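# Notes for the structure review
Spelled out from the first residue to the last, the chains are:
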Amino acid sequence: MADQGIEIEKVGMNRAFKSLVICDKDGGLSNFFRYLPAKDYVKMAVEDEKEALEKTKEIKPNTVYLDLSIPKNINKLIVCKEIKGDLATKDVRIIILTESLNKEIATKYLNLGVYVIQTGSSNKHNDQSQINNYHKISGDQDSEVLIKHKKLSSLFNKVERAKMEWEQSLDVIDEIILLADLEGNILRANKKLTKLTGKCFNEILNKNWNDLLRDGGFSKVKEEKDYIEIVHKTGERFHLYTYPLKNSDNVRYGNVILLHNITLLSRIRHKLLEKNKELKKTQSQVIQQEKMASIGQLAAGVAHEINNPVGFVTSNLDTLQTYTNNITKFLEFHSELFEGLSDCPKEDIVLQLKKISQEKSSLKIDFIIEDMDNLVNESLEGTHRVKEIVQSLKNFSHIDDKETFTIANINDGLESTIKIVWNELKYKATLEKNLNELPQTKCNPGQLNQVFMNFLVNSVQAIEEKGKISIKTYHKNNYIYIDISDTGCGIQDEDMGRLFEPFYTTKDVGQGTGLGLSIAYDIIKQHKGDIKVISEVGKGTTFTITIPVNN
């Protein structure tokens, strides 16, 4: 009865067998198969576990039996793993025949979704009973045992599939993920690690991950509080993070090591830094152009402011030249008379002195001496005014380094700015200054002066005929406040939201670039400050600039 199984070579490959029995090379079967119809199975001998898989894929059975007579050098558990692990055979039912089985091995088979039948080769009654049980399991689809087994098999298949999908997902990402025990020995890792280290999984497992990274071409760039930045010899850069690996009892038994790939981000960051440098350079040029445009708009007024002191200094110099000529004539006349006094009689000396007095009166020497002091003082005052205006112009016209900040007093900057725009102010508005004492602060004075000038010029232009401009500064809660108010036409509601928008202007074509307030806003933001606007149409506008005190 042991030879009832149909030999595969006798029937060819076209017949679909329900079962495949893997046995020894002699083809002998255990007593279990005495009670199964020979037409329902094919027996086959194999040399090793791989061949068992290949035969299963070739026969395509519904069920594979691993007989008691299977060679001892073939590991049944490995055979089961091979068959269940292959996509082509993962759904094949496997039945293990064994005379004895411990709980640990039985659990491993159960985890694979494998049936186990414990049988005795010499106990006919026991064999028949097991066969009856088998037929009951195979034939009765409503069997409670079969239902439970199917549920377990389905569950394990889902777990296996989820595990496979998760591993495949980790293998395609550009990060490196590895699990290590508390000693740093690697328990698991994804493919990215093998790719960069040039080592296979068997060479990686149980190796110290620190040593592996170092030997694999990684080196530390810098260490931050939460991560370490490392670079691979290929140029790829990573942020290395370490997280605790804990069991169900919340006990730490290892670490998850994540190497987050920042190569692309690093390249983008480098490009952004380059672009940012270009933007800063362009912005500096735009600020300078706007500054020069503002100076250009005020050039006529500035020229007038310079022309006034230059005019009276010139007039004073002309007068001084006349005075000098008269004094020179008097001194020459005085010298000629004194040369002949030594030989003159007394009555002639009195006459000569009378002539000197008459010449002194004629040339107005006393008035000249008195007036010369006034002329010199006025001229010095005029040249000082010119010097102040030129210095103020210099503060606005030189190219500022955006990153250059210095300790300064904002009130001084306002005074300097007022001198620049004074010719614009004095004909259209009265100026009220209330500059309270302010602390020194770290700032860019040149750029802040440009902001003040933009607001003052806008205030002047908002006044149609005659009005008032008020400037107030004060210090509160470690902030410096600058209020610039006017009694001009005010700002329409629809324009309020676009005041600081580049190139937006309500002025006529040619009257403004639309960059003044935009640049002012950027400058104040660079100082970590803010600008607020309150305006009422027909009554006026107040700009409040807030700048934190930075010592």
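Residues numbered from 1 in each chain as written. Predicted model: local features only at pLDDT ≥ 70, side-chain atom pairs only at ≥ 80, totals over all residues. Heavy atoms only, no water.

Moving on, we come to the overall build of the chain. Within the chain, the secondary structure is distributed over 16 helices and 18 strands. Long-range pairs, those at least 24 residues apart, make up 63% of the contacts in the chain between residues at least 6 apart in sequence. In the form shown here, the chain has an accessible surface area of approximately 32500 Å², with 51% of it arising from carbon and sulfur atoms. (Helix = DSSP H or I, 4+ residues; strand = E, 2+ residues; numbered from the N terminus. Contact = heavy atoms within 4.5 Å. Areas by Shrake-Rupley, 256 points an atom, 1.4 Å probe, with all protein chains shown as cover.)

Glancing now at the packing of aromatic side chains. Going through the model one piece at a time under the given rule, you end up with five aromatic pairs. Between the aromatic rings of tyrosine 227 and tyrosine 241, the centroid separation amounts to 5.7 Å while the plane-to-plane angle is 45°, which identifies the pairing as tilted. In this pair, tyrosine 227 sits in the loop between strand E8 (218-223) and strand E9 (228-232) while tyrosine 241 sits in strand E10 (residues 237-246), placing the two residues 14 residues apart along the sequence. Through a chain of ring-to-ring contacts, three or more aromatic side chains come together here, namely Tyr227, Tyr241 and Tyr243. Over the ring of tyrosine 474 we find lysine 472, and its NZ or CZ is 5.2 Å from the ring centre. (Phe/Tyr/Trp six-rings, centres within 6.5 Å; stacked < 30°, edge-to-face > 60°. Lys NZ or Arg CZ within 6 Å of the ring centre and 35° of its normal.)

A sheet is described by the order of its strands in space; here five strands give the open sequence E13-E15-E16-E18-E17, paired in mixed fashion. The sheet is open, and its two edges are formed by strand E13 (429-435) and strand E17 (530-536), each paired on a single side. Strand-to-strand twist in this sheet, taken as the mean axis angle between neighbours without regard to direction, amounts to 10°. Examined bridge by bridge, strand E16 (residues 479-486) and strand E18 (residues 540-548) share eight bridges and lie antiparallel to one another. Looking at the pairing, tyrosine 479 lines up with proline 548 of E18. Helix H14 (residues 445-462) rests against strand E15 (467-476), E16, E17 and E18 of the sheet, and its axis sits at about 25° to E16. (Pairing = 2+ DSSP bridges. Axes fitted to C-alpha atoms, helices over the stretch in contact; angles between N-to-C directions.)

We now examine the confidence of the model for the chain. Here the chain averages 76 in pLDDT, while 74% of its residues score no lower than 70. Element-level pLDDT for the chain is lowest in helix H1 (residues 8-11), with a mean of 32, against a maximum mean of 94 in E16. Scored below 50 in pLDDT, residues 1-16 shows 30 contacts in the model against residues more than four places distant or in partner chains. (pLDDT = per-residue confidence, 0-100.)

To continue, consider the side chain of asparagine 409. Note on placement: asparagine 409 falls in the loop between strand E12 (406-408) and helix H13 (410-425). Here the side chain of asparagine 409 touches asparagine 411 through a polar contact of 2.8 Å, landing on its backbone nitrogen. Not counting the four nearest positions on each side in its chain, asparagine 409 is found in contact with Leu438 and Gln440. (Polar contact = N/O pair within 3.5 Å; in protein donor to acceptor, adjacent residues only side chain to side chain.)

The subject of this paragraph is the nonpolar core. Judged by nonpolar contacts, the single largest core of 36 residues is most densely connected at Ile410, Leu448, Phe455, Ile482 and Ile545. Contributions of two or more residues to this core are made by H13, H14, E15, E16, helix H16 (516-526) and E18. In contact with phenylalanine 455, other than residues within four places in its own chain, are Ile484, Leu517, Ala520, Ile531, Phe543 and Ile545. Listed in part, the 21 residues of the second largest apolar core include Val46, Leu66, Ile70 and Ile94. (Core = buried A, V, L, I, M, F, W, Y, C linked by side-chain atoms within 4.5 Å. Buried < 20%, exposed > 50% of the residue type's maximum accessible area, 1.4 Å probe, protein only.)

Let us now look at the environment of lysine 57. Within the secondary structure, lysine 57 sits in helix H2 (residues 49-59). For the pair lysine 57 and aspartate 86, spaced 29 residues apart in sequence, the C-alpha separation works out to 9.1 Å. Those residues in contact with lysine 57 that sit more than four places away from it in its chain are Asp86, Ala88 and Thr89.

Relative to E15, E13 runs parallel, the two being bridged by seven bridges. Of the residues in E15, the one forming a bridge with asparagine 434 is lysine 472. As judged from the eight bridges shared by E15 and E16, these two strands associate in the antiparallel manner. Residue pairing across strands places histidine 475 opposite isoleucine 480, the latter belonging to E16.

Below, the discussion takes up the packing of helix H3 (residues 76-85) against helix H4 (residues 103-112). Relative to each other, H3 and H4 sit at 10°, their axes nearing to 10 Å. Comparing their axes, H4 and H3 come out roughly parallel. On H4, the residues touching Lys76, Leu77, Cys80, Lys81 and Lys84 of H3 are Lys108, Tyr109 and Leu112. When its residues are assigned to classes, the contact of H3 with H4 shows four nonpolar, no polar and four charged. (Parallel < 35°, antiparallel > 145°, perpendicular 65-115°, else oblique. Nonpolar A, V, L, I, M, F, W, Y, C, P; charged D, E, K, R; others polar.)

Relative to each other, H13 and H14 sit at 35°, their axes nearing to 9 Å. Viewed along their axes, H13 and H14 form a crossing whose handedness is right-handed. On H14, the residues that touch Ile410, Gly413, Leu414, Thr417, Ile418, Ile420, Val421, Glu424 and Leu425 of H13 are Leu448, Asn449, Phe452, Met453, Leu456, Val457 and Val460. (Left-handed = near helix turned anticlockwise from the far one by under 90°.)

Topologically, threonine 544 is positioned in strand E18. A relative accessible area of 17% places threonine 544 in the buried class. A polar side-chain atom of threonine 544 sits 2.9 Å from a polar atom in the side chain of aspartate 483. Among residues more than four places away in sequence, those in contact with threonine 544 are Tyr481, Ile482, Asp483, Asp530, Ile531 and Lys532.

Our focus in this paragraph is the sheet that holds strand E2 (residues 41-45). Within a sheet, each strand pairs with its neighbour through backbone hydrogen bonds, oriented either parallel or antiparallel. Reading across from one edge, E2-E1-E3-E4-E5 is the order of the five strands in this open sheet, with parallel pairing throughout. Only two strands of the sheet have a single neighbouring strand rather than two, namely E2 and strand E5 (115-118). In this sheet, adjacent strand axes meet at a mean angle of 20° when their direction is disregarded.

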